[in-house]
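Listed here are the chains, written in short residue letters.
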Amino acid sequence: MKFLLKTIVLLAVLGAVGYFFMHKTPQQKAFERALAAAQQGDAAAQAQVAAGYAAGEGVRPDIRQSAEWYKKAVAQGNAQAAYELAQLYLSGEKLTRDVPSGVSYLKMAAEKNYAPAQYALGRLYQTGAESVNQNLAQAAFLWMQAAEQKDADAQAALDLLRTEEPETYEQVQPLHAAWQRAHAGDAAAAADIGQQLLNGTLLEKNPEQALPLLTQAAQGGHAGAAYVLYEVYNQPDGPVPHDAARAMRYLAQAAQGGYAAAQYNVGQQLYQAAQTPEDFQAAFNWLAQAARQNHPEALYMCGILHMQGQGAEKSIPLAIADFKQAAELGHANAQYVLGQSYWRGIGLKKNKALAKKWLELARQNGNPQAQELLDQIK
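The model shown is predicted, which means the values in this text are computed figures rather than measured ones.

### So, the overall build of the protein chain
A tally of regular secondary structure across the protein chain gives 21 helices and 0 strands. In terms of overall size, the protein chain is more extended than a compact globule, its C-alpha atoms giving a radius of gyration of 33 Å where 378 residues would be expected to give roughly 21 Å. Restricting the contact set of the protein chain to residue pairs at least 6 apart, pairs at least 24 apart contribute 44%. Taken as a whole, the protein chain presents about 20200 Å² of accessible surface, with 51% of it coming from carbon and sulfur. Positive and negative side-chain charges in the protein chain, numbering 31 and 34 respectively, have mean positions lying 3 Å apart.

### Section: the packing of aromatic side chains
According to the stated counting rule, one finds 9 aromatic pairs in the structure shown. Ring geometry for tyrosine 227 versus tyrosine 230: centroids 5.5 Å apart, planes at 40°, classification tilted. One end of the pair, tyrosine 227, and the other, tyrosine 230, are both in helix α13 (residues 223-233), 3 residues apart, so they sit about a helical turn from each other. Like tyrosine 227, the residue tyrosine 230 is buried in the burial classification. It is lysine 72 that lies over the ring of tryptophan 69; its NZ or CZ is 5.4 Å from the centre. One cation-aromatic arrangement involves arginine 246 over tyrosine 233; the distance from NZ or CZ to the ring centre is 4.8 Å.

### As for the environment of arginine 60
With respect to the element layout, arginine 60 can be found in the loop between α3 (43-55) and α4 (63-75). Under the relative-accessibility criterion, arginine 60 is labelled exposed at 72%.

### So, the pattern of salt bridges
By the definition in use, this model includes 5 salt bridges. The salt bridge involving aspartate 243 is made with arginine 246; its shortest N-O contact spans 3.8 Å. For glutamate 360, the salt bridge is made with arginine 363, and the minimal N-O distance between the two is 2.4 Å. Here glutamate 360 and its partner arginine 363 are both found in helix α20 (residues 352-364), 3 residues apart, which amounts to about one turn of the helix. What makes glutamate 360 partly exposed here is its relative accessible area of 25%.

### Quick word on the confidence of the model for the protein chain
Residue-level pLDDT values for the protein chain average 92, and 94% of them are 70 or greater. Counting interchain partners and residues more than four positions distant, the pLDDT-below-50 stretch residues 16-21 has 0 contacts.

### As for the side chain of glutamine 46
In this fold, glutamine 46 is placed in helix α3. Residue classification places glutamine 46 among the buried residues on the basis of a relative accessible area of 6%. Among all residues touching glutamine 46, those that are not within four sequence positions of it are Ala38, Gly41, Trp69, Lys72, Ala73 and Gln76.

### Looking at helix α7 (residues 115-127)
With 13 residues, α7 extends 19 Å between its outermost C-alpha atoms, agreeing within 8% with the 18 Å of an ideal straight helix rising 1.5 Å per residue. Within α7 the residues assigned to the buried category are Ala115, Ala117, Gln118, Tyr119, Ala120, Leu121, Gly122, Leu124 and Tyr125. In this fold, the buried residues of α7 make contact with α5 (79-91), α6 (99-111), α8 (136-148) and α9 (152-164). Of the residues trailing α7, glycine 128 is marked for its positive phi of about 75°.

### Describing the nonpolar core
Ranked by size, the top nonpolar core spans 87 residues in total, and within it Leu85, Leu106, Trp143 and Ile193 carry the most contacts. When neighbours within four sequence positions are excluded, leucine 106 is seen to be in contact with Tyr83, Ala86, Gln87, Leu90, Ala117, Ala120, Leu121 and Leu124. Counting residues in hydrophobic clusters, the runner-up holds 33 residues, among them Ala334, Leu359, Ala362 and Ala370.

### Observations regarding the side chain of threonine 168
The residue threonine 168 is located in helix α10 (residues 166-183) in this model. In this structure threonine 168 comes out as buried when scored by relative accessible area, which is 12%. Once you skip the residues sitting within four places of it in the chain, threonine 168 turns out to touch Leu136 and Ala137.

Thresholds, definitions, all that
Residues numbered from 1 in each chain as written. Predicted model: local features only at pLDDT ≥ 70, side-chain atom pairs only at ≥ 80, totals over all residues. Heavy atoms only, no water. Helix = DSSP H or I, 4+ residues; strand = E, 2+ residues; numbered from the N terminus. Rg over C-alpha atoms; globule rule 2.2 N^0.38 Å. Contact = heavy atoms within 4.5 Å. Areas by Shrake-Rupley, 256 points an atom, 1.4 Å probe, with all protein chains shown as cover. Lys, Arg positive; Asp, Glu negative; His and termini not counted. Charge placed at Lys NZ, Arg CZ, Asp CG, Glu CD. Phe/Tyr/Trp six-rings, centres within 6.5 Å; stacked < 30°, edge-to-face > 60°. Buried < 20%, exposed > 50% of the residue type's maximum accessible area, 1.4 Å probe, protein only. Lys NZ or Arg CZ within 6 Å of the ring centre and 35° of its normal. Salt bridge = Lys/Arg side-chain N within 4 Å of Asp/Glu carboxyl O. pLDDT = per-residue confidence, 0-100. Expected span 1.5 Å × (residues − 1). Core = buried A, V, L, I, M, F, W, Y, C linked by side-chain atoms within 4.5 Å.

Written out as structure tokens, the structure is:
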């Protein structure tokens, strides 16, 4: 009899469990399917599980679990998950309010071109809320990106800004156009917008966004972008880890691509290390290429090499011509040499008035020896 009762109870329990599993709600079934996929590493499913925990759909609400699953999805580059996590941190309604984390996640989502995040972040830049530095140009730039994706809120905000701040709108529009061309593969546009984001002249400085654009431009053969990357990777305390080997590769690319500053830099490095006539000639060849593009420092160095006869024809007239061209371009040391040449009659007819003119310009431009010679002349 006891055995029969136990059997009946067991069957009743199993029946109840079976009934429960057979009669799950659609939300519960959807959540379980999403959870299974999320546990296998599916980013979209992880975001879905996070949303389920946040709303209590198909599972008991658990905001901490929601945040953890959102973070897993964000780690795999899910922009919507970053946006939703930002909202949780910034609202503070369900999760402890954390403004720095919220803004950081919002920027992640915006940088991945998620329109709602671009609109929301633009609002923060417009108002200067949540410790974000007010920047109307940055707001307009973000709204233009979101409006391009048919985001109605961003388009409305942009229309209002265009009416109330037309100057800002006109400044940002070319940058957005460059952004569009860059994403269509235009190397020159990628270089332009990359440098804007690297320097932060109008938009907020953003090396993380700038470097991929500059790299894209350099890979597309843009010598100026290659030189900027040389400068970035050559800095010991720059926005990226110092990488001398990579920096030199970009410098070589920029010089070979005809970028004057890079050609001067290569020539100067070769000059400083030169020991043989061939070394000096190699240095002069690079400096001369930059000088032909009116690079003031390169012209000055060519003048020195012509004066000394190192790697180039020894010729005072050629040296004076180089110094004069560099001086006219505002090179302080060349102005000093030219003033001294007029005063002492070195390669030029003595002329006190011209000597004083060039020495005064040299002094104004920071040459420390110019004042001493001016005092002697006076």
